[in-house]
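Remarks on the overall topology
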Protein chains: 4
Amino acid sequence: VATTTATDTTTPALDIDPGTDVACHTVHGYISDKSRYLARLKRIEGQARGIHRMVEQEKYCIDILTQVSALTKALESVALGLLDDHLRHCVMDAAAEGGPVAEARLKEASDAIARLVRS
Amino acid sequence: VATTTATDTTTPALDIDPGTDVACHTVHGYISDKSRYLARLKRIEGQARGIHRMVEQEKYCIDILTQVSALTKALESVALGLLDDHLRHCVMDAAAEGGPVAEARLKEASDAIARLVRS
Amino acid sequence: VATTTATDTTTPALDIDPGTDVACHTVHGYISDKSRYLARLKRIEGQARGIHRMVEQEKYCIDILTQVSALTKALESVALGLLDDHLRHCVMDAAAEGGPVAEARLKEASDAIARLVRS
Amino acid sequence: VATTTATDTTTPALDIDPGTDVACHTVHGYISDKSRYLARLKRIEGQARGIHRMVEQEKYCIDILTQVSALTKALESVALGLLDDHLRHCVMDAAAEGGPVAEARLKEASDAIARLVRS
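Summarised in this report is the structure supplied together with it. The structure presented is a predicted model; accordingly, all values stated were derived computationally and were not measured.

**Here we look at a positive patch on the surface**
Residues K73 of chain A, R118 of chain B, K73 of chain C together with R118 of chain D make up a contiguous surface patch of positive charge. Of the residues examined, R118 of chain D reaches a relative accessible area of 38% and is grouped as partly exposed.

Listed below in structure tokens is the structure:
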């Protein structure tokens, strides 16, 4: 009987042998700091809710913009942390192995950096 | 008897005669689009919650970074909309009146623009 | 005899009565600080030349990237200054007059701000 | 007699054994594309000169701002290219070796990414 495999649409379509890649997928770089990231993201969620409330209460535009800038900076900082962890673990490990996996990981990281720089 | 004045920390310290400024404070520029802004901010809050969940479930870093970039872009777009509304109403109205209020509003808007460009 | 009209591709196609617009075109906002802007742009040109030289001499990538970041910041700062001057003069003057010119100037300024925030 | 040591302010203070590091310093990642980078930087220098000329001739502010945004984007694109090359060569090579050099290279790259994202 054929079994269907649920495909996770968010996983980038890297043509990588899962065997080689297992360390990166099971032990993500950020796992050590996981609770700290969760706390920061909880705070970010609260900031987003706060901005929603400010618009609802028709607060002064400039004050809302100040909060949007603060939220953007907080997000940026989380992104830079995750990226550093990712380079430090997944990309460096792949680099140590070399070959197409290393190349794929690097391309993927560079694309993510470009999206961050341009966003 | 000395009276204490409650200071609202979110209100910018513009030394503006409230009488002159009343139109700007009561009829904010974004009020016409308020429900649309609220819907966008609701979505942004959901995006923030989604990123929190991705870290919790230890999703792949690059996928998380993609979502962070998307959230940053959504925030940027809300900020540009609010700023346009603010210029279009508060700043333009102040400009039509001229004087120190116009100057103060402009300085305030320029500072907000600088924060957005730099964040 | 048909006459050809030279079109200046850099002038935005605002359908504005030249009579109304003359103050903005002849007395640009930045004119008072013109020599200071020219000095800053001269320095920016020098920074660009310096980066070219660093690549030519195969300097260390990270040092080149540091100079690129510094140049980007310098450009950003000039742009924010020009924008403030523009709002302060052309846009505010148009606002004081009101009508389609004010609307056109504002739209144009908002678009320029969006390009700066996104670049 | 005390001797003074000339310090090169542009060289990052990595405490790396020069022997280990020699490949990265002599064969920079961007060397293969060097002529293409030089051409792009020549063009960027020309753009900077063009903006200087526009201010000198008192061109319309918005047009100048458009050129500043274009220049910023061109610089960003060069920076992302150099960074990709750097990760692909210096950082990956260091990663394959591991140890403090790998760690130092990674930290340095992450810091450069943060400067780019924030500038």
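**Regarding the pattern of salt bridges**
Applying the stated criterion to the full structure yields 32 salt bridges over all chains. Note that E45 of chain A and R49 of chain A form a salt bridge whose closest N and O atoms lie 3.7 Å from each other. One end of the pair, E45 of chain A, and the other, R49 of chain A, are both in helix α2 (residues 34-56), four residues apart, so they sit about a helical turn from each other. The partner of E45 of chain C in a salt bridge is K42 of chain C, and the shortest N-O contact between them spans 3.7 Å. With E45 of chain C and K42 of chain C both in helix α2 (residues 34-56) and three residues apart, the pair spans about one turn of that helix. Under the relative-accessibility criterion, K42 of chain C is labelled partly exposed at 47%. Beyond isolated ion pairs, a larger network of salt bridges with shared partners links K42, E45 and R49 of chain A together with K42, E45 and R49 of chain B.

**Thoughts on the relation of the copies chain A and chain B**
In the superposition of chain A on chain B (RMSD 0.0 Å, axial shift 0.0 Å), the rotation amounts to 180°. Both copies are brought into coincidence by an operation consistent with a two-fold rotation axis. Most of the interface of chain A is mirrored in chain B, where 98% of its interface residues are also at the interface.

**Details of the interface of chain B and chain C**
Contact residues are listed per partner, giving 21 residues for chain B and 21 residues for chain C. Buried surface at the junction of chain B and chain C, both sides included, amounts to about 1900 Å², of which 70% is carbon and sulfur. When the area that chain B buries against chain C is broken down by residue, the three leading residues are M92, L106 and V117 of chain B, summing to 29%. Where chain B meets chain C, there are two salt bridges. At the junction of chain B and chain C, the tally comes to four residue pairs in polar contact (both at pLDDT 80 or more). Elements with a minimum of two residues in the side of chain B that touches chain C: α3 (61-97) and α4 (99-118) of chain B. If you tally residues by element for the side of chain B that touches chain C, the top one is α3 of chain B, at 11 residues. In terms of residue class, the side of chain B that touches chain C is made up of 13 nonpolar, two polar and six charged.

**Description of the interface of chain A and chain B**
Taken together, the contacts link 52 residues of chain A with 51 residues of chain B. Summing the contributions of chain A and of chain B, the shared interface buries around 4900 Å²; its carbon and sulfur component is 68%. Broken down residue by residue, the surface that chain A buries against chain B is led by E58, Y60 and L65 of chain A, which jointly contribute 14%. Connecting chain A to chain B are four salt bridges. The interface formed by chain A and chain B holds 15 residue pairs in polar contact (both at pLDDT 80 or more) in total.

**What to know about the environment of D93 of chain D**
Residues and elements named next belong to chain D. With respect to the helices and strands, the residue D93 is situated in helix α3 (residues 61-97). Residue D93 is classed as partly exposed on the basis of its relative accessible area, which comes to 46%. The spatial distance from the C-alpha of D93 to the C-alpha of R105 is 9.8 Å, given a sequence separation of 12 residues.

**Things to note about the packing of helix α3 (residues 61-97) of chain A against α3 of chain B**
The contact between α3 of chain A and α3 of chain B brings their axes to 10 Å, and the two run at 165°. What the angle tells us is that α3 of chain A and α3 of chain B run roughly antiparallel. Relative to α3 of chain B, α3 of chain A is oriented so that their crossing is left-handed. Packed against α3 of chain A, whose contacting residues are C61, I62, I64, L65, V68, L71, T72, L75, A79, L82, L83 and H86 of chain A, the element α3 of chain B presents C61, I62, I64, L65, V68, L71, T72, L75, A79, L82, L83 and H86 of chain B at the interface. By residue class, the composition of the contact of α3 of chain A with α3 of chain B is 20 nonpolar, four polar and no charged.

**A short note on the environment of H89 of chain D**
Residues and elements named next belong to chain D. Among the secondary structure elements, H89 is positioned in helix α3. Taking the relative accessible area as the measure of exposure, H89 reaches 32% and is therefore partly exposed. Sequence spacing of H89 and A79 is 10 residues, and the spatial spacing of their C-alpha atoms is 15 Å.

**Examining the relation of the copies chain B and chain C**
For the pair chain B and chain C, the superposition axis carries a translation of 0.0 Å, the fit reaches an RMSD of 0.0 Å, and the rotation angle comes to 180°. Most of the interface of chain B is mirrored in chain C, where 100% of its interface residues are also at the interface.

About the cut-offs
- Residues numbered from 1 in each chain as written.
- Chains lettered and ligands numbered in written order.
- Predicted model: local features only at pLDDT ≥ 70, side-chain atom pairs only at ≥ 80, totals over all residues.
- Heavy atoms only, no water.
- Patch = residues over 30% accessible without salt bridge, like charges linked within 9 Å, V, L, I, M, F, W, Y side chains within 5 Å.
- Areas by Shrake-Rupley, 256 points an atom, 1.4 Å probe, with all protein chains shown as cover.
- Salt bridge = Lys/Arg side-chain N within 4 Å of Asp/Glu carboxyl O.
- Lys, Arg positive; Asp, Glu negative; His and termini not counted.
- Charge placed at Lys NZ, Arg CZ, Asp CG, Glu CD.
- Buried < 20%, exposed > 50% of the residue type's maximum accessible area, 1.4 Å probe, protein only.
- Helix = DSSP H or I, 4+ residues; strand = E, 2+ residues; numbered from the N terminus.
- Least-squares fit on C-alpha atoms with pLDDT ≥ 70 in both.
- Contact = heavy atoms within 4.5 Å.
- Buried area = accessible area lost by both parts, 1.4 Å probe.
- Polar contact = N/O pair within 3.5 Å; in protein donor to acceptor, adjacent residues only side chain to side chain.
- Nonpolar A, V, L, I, M, F, W, Y, C, P; charged D, E, K, R; others polar.
- Axes fitted to C-alpha atoms, helices over the stretch in contact; angles between N-to-C directions.
- Parallel < 35°, antiparallel > 145°, perpendicular 65-115°, else oblique.
- Left-handed = near helix turned anticlockwise from the far one by under 90°.

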